[in-house]
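Below, each chain spelled out in residue letters.
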Amino acid sequence: HSSSAVVNDSFNVSSLTDNSTGNHTVNLTSSFNAATSYSVSAMAMDNGAGNGNGVHTSIHPASKASGSWRHNQYSWSGSYFDADTYALAVGDLA
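These figures come from a predicted structure and were not determined experimentally. (Residues numbered from 1 in each chain as written. Predicted model: local features only at pLDDT ≥ 70, side-chain atom pairs only at ≥ 80, totals over all residues. Heavy atoms only, no water.)

### Some points on the nonpolar core
Logical step 1: With 6 residues, the main nonpolar core is built from Leu16, Val26, Leu28, Phe32, Tyr38 and Trp69.
Logical step 2: When near neighbours in sequence (up to four residues on either side) are disregarded, Val26 contacts Val13, Ser15, Leu16, Gly67, Ser68, Trp69, His71 and Leu88. (Core = buried A, V, L, I, M, F, W, Y, C linked by side-chain atoms within 4.5 Å. Buried < 20%, exposed > 50% of the residue type's maximum accessible area, 1.4 Å probe, protein only. Contact = heavy atoms within 4.5 Å.)

Right, here's the structure in full:
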């Protein structure tokens, strides 16, 4: 995904919603059975832009649904921003 909230390559991700700077919703093509039946691992990378190359990524547990979830990206200083690159791994033990 690029900073303009575009999916570059996907398996089961239908779209991304750009809620605000550093806040996105990932929407799945096929929903899981329940919001508690899958896990999400997320990584982000930024090549500068004053962010010190440090990126934190967090998932909003309360927003996790069977077909989507929201996540944030923020710098070491705590400022939300759109990182250059994100990588997400999502799965369950179906």
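Structure shown, so let's carry the discussion forward.
### Here we look at the packing of aromatic side chains
Logical step 1: The full count for this structure, using the stated rule, is 3 aromatic pairs.
Logical step 2: Centre to centre, the rings of Tyr38 and Trp69 are 6.1 Å apart; their planes meet at 50 degrees, and the pair counts as tilted. Remark: Trp69 occurs in strand β5 (residues 68-74) and Tyr38 occurs in the loop between β2 (23-28) and β3 (39-45); sequence separation between them is 31 residues. Both residues of the pair, Tyr38 and Trp69, count as buried.
Logical step 3: When the centroid spacing of 5.6 Å and the interplanar angle of 65 degrees are considered together, the rings of Tyr74 and Tyr80 count as edge-to-face.
Logical step 4: For Tyr80, a relative accessible area of 47% puts it in the partly exposed group.
Logical step 5: Here the aromatic residues Phe32, Tyr38 and Trp69 are joined through ring pairs into a cluster of three or more.
Logical step 6: Across the ring face of Tyr38, the terminal group of Lys64 is positioned such that the distance to the ring centre comes to 4.2 Å. (Phe/Tyr/Trp six-rings, centres within 6.5 Å; stacked < 30°, edge-to-face > 60°. Helix = DSSP H or I, 4+ residues; strand = E, 2+ residues; numbered from the N terminus. Lys NZ or Arg CZ within 6 Å of the ring centre and 35° of its normal.)

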